[in-house]
Amino acid sequence: MTTTEMTIFDALESNVRGYCRSWPTVFDTASGAWIHDENGRDYLDFFAGAGALNYGHNNPVLKDALLEYIAGDGITHALDMSTVAKRRLLETVQSVVLEPRGLDYKVQFPGPTGANAVEAALKLARKVTGRTEILNFTNAFHGMTLGALAVTGNAAKRAGAGVPLQHATSLPYDGYLSDMDTDPFQWMARALDDRSSGLDKPAAVIVETVQGEGGVNVARAEWLRGLADLCAAREILLIVDDVQMGCGRTGPFFSFETAGITPDIVTLSKSIGGYGLPMALVLFKPELDQWKPGEHNGTFRGNNPAFVTARVALEHYWGNDALESATLAKGERVHRALSGVVAAFDGLSVRGRGLVHGIAFDDASRAGKVSQVAFENGLLVETSGSEDEVVKLLPPLTITDAELDHGLEILAASVDVVCGGRGH
């Protein structure tokens, strides 16, 4: 990055910017699993827009559909007006996503971000139940707006709110207490049933099946089933935040499918738009559709170009189980490779499902150093966890095996540099 360019960014852009500090270059073009800077250097992308690019950069199938739509003067902005693009998307969601899975959900288009989808879900749960409290989990991340922050665990992010974050209670996520509690829901059930426990009956519980920002913490299927059963028995709504882990990131389209549960409400964003265009959905059981017209709205909830690329992505990638099978196979490939890496060093461990994996470091400072060395060698990986102690991998689902292996080799070499003490 030249001095002039640094001056422009530093002089005009807010200090709030973050990723550019970890990856100090000016990116220009991208294709598939690769992103290129203006100096012609290539980087293999194991970040994928924080999970917004499951189908890669400038996916040609989606790009062709988008260009055709724009060239034909298709509607771009329509708030919640009915359009052909929206109708075709809804028909595809019904036939490709919901019906094959036996799911009966209404579809809401909130504002186009994951945080807005979470806000809508929380508002709806409170409206339907008449209760105010929400239960969330340690290390959760649900967004940066006030309602979403209230159910987020990270102290640094919560501190940015500037006001008290209320009406939410944090509970231990699966594995948080290690082996201390053989029945993780026994105390919760007792507290909910005891009118003197001090725990008010909540409107909903919100959960991620894999906590990406929280450090790639994976909930067991039996834990998720126990949570779902507890909620159903006490008429507490279950919200699954699938903003980052949905759209095939863990293998199946919804991350909760392997647990065999049916949430009352599901939030989707990031890769639901297919091409990286802003879009979000809230799915909920029909009896919960108690909104009044316009009660939750937003100027950009009708991003029709995103409706087009979302539809084409569903049609092209989810009409059969090929992508799911490939993602699971690639996930096993990643797990084997990372297991080999961590076996060579003390204080490292592997965690993950499908194509979301991480290496956790007992010495948290090493994760950031590994990410930096990887960048210097042409690989983009970010860190996550309460102390940024996890190097998190989110490659595009469409990545080739050769590209995946190449990135894993760079990562292994980067870990060796940081943990093995060799120079680079």
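Provided above is the structure to which this section pertains.
Calculation criteria
Residues numbered from 1 in each chain as written. Predicted model: local features only at pLDDT ≥ 70, side-chain atom pairs only at ≥ 80, totals over all residues. Heavy atoms only, no water. Phe/Tyr/Trp six-rings, centres within 6.5 Å; stacked < 30°, edge-to-face > 60°. Helix = DSSP H or I, 4+ residues; strand = E, 2+ residues; numbered from the N terminus. Buried < 20%, exposed > 50% of the residue type's maximum accessible area, 1.4 Å probe, protein only. Pairing = 2+ DSSP bridges. Axes fitted to C-alpha atoms, helices over the stretch in contact; angles between N-to-C directions. Contact = heavy atoms within 4.5 Å. 1 Å grid on protein atoms, 1.4 Å probe; cavity = no way out; pocket = protein on both sides within 12 Å on 5 of 7 lines; lining within 4 Å. Points joined across faces, edges and corners; volume = space filled by probe spheres on them. Nonpolar A, V, L, I, M, F, W, Y, C, P; charged D, E, K, R; others polar. Salt bridge = Lys/Arg side-chain N within 4 Å of Asp/Glu carboxyl O.

1. Some details on the packing of aromatic side chains
- This structure, assessed with the given rule, holds 14 aromatic pairs.
- An angle of 10° between the planes, with centres 5.1 Å apart, marks the rings of Tyr 43 and Phe 375 as stacked. Of this pair, Tyr 43 sits in strand 3 (residues 42-45) while Phe 375 sits in helix 13 (residues 365-376); the two residues are 332 residues apart in sequence, bridging distant segments of the chain.
- The class of Phe 375 is buried, set by a relative accessible area of 8%.

2. Description of the sheet that holds strand 17 (residues 390-393)
- Strands sit in the order 13-14-17-16 across an open sheet of 4 strands; the sheet is antiparallel. Looking at which strands have only one partner, the edges of the open sheet turn out to be strand 13 (348-353) and strand 16 (382-384). Strand-to-strand twist across the sheet, computed as the mean angle between neighbouring axes with direction ignored, equals 30°.
- Bridge count for strand 16 against strand 17 is 3 bridges, and the pairing is antiparallel. When the sheet's bridge partners are listed, Glu 382 is paired in strand 17 with Lys 392.
- The strands touched by helix 13 are strand 14 (356-361), strand 16 and strand 17; relative to strand 16, the strand with the most contacts, the crossing angle is about 165°.
- Packing of helix 14 (residues 401-420) onto the sheet brings it into contact with strand 13, strand 14 and strand 17, and relative to strand 14 it is tilted by some 10°.

3. Here we look at the layout of surface pockets
- Reported here for the second largest pocket is a volume of approximately 520 Å³.
- Taken together, 22 residues line the second largest pocket, and the ones lying closest to its centre are Asp 80, Lys 86, Val 107, Gln 108 and Phe 109.
- Counting residues per element, the lining of the second largest pocket draws most heavily on helix 5 (residues 84-98), at 5 residues.
- Residues belonging to the lining of the second largest pocket are distributed by class as follows: 9 nonpolar, 6 polar and 7 charged.

4. Overview of the pattern of salt bridges
- Per the counting criterion, the structure on display carries 15 salt bridges.
- Note that Asp 193 and Arg 234 form a salt bridge whose closest N and O atoms lie 2.9 Å from each other. In this pair, Asp 193 sits in helix 9 (residues 186-193) while Arg 234 sits in the loop between helix 10 (221-233) and strand 10 (237-241), placing the two residues 41 residues apart along the sequence.
- For Lys 285, the salt bridge is made with Asp 264, and the minimal N-O distance between the two is 3.2 Å. Placement of the pair is Lys 285 in the loop between strand 12 (281-284) and helix 11 (304-317) and Asp 264 in the loop between strand 10 and strand 11 (265-268), with a sequence separation of 21 residues.
- Its relative accessible area of 14% is what places Asp 264 among the buried residues.
- Salt bridges sharing common partners tie together Asp 174, Arg 220 and Glu 222.

These results come straight from atomic positions and should not be treated as a statement about function.
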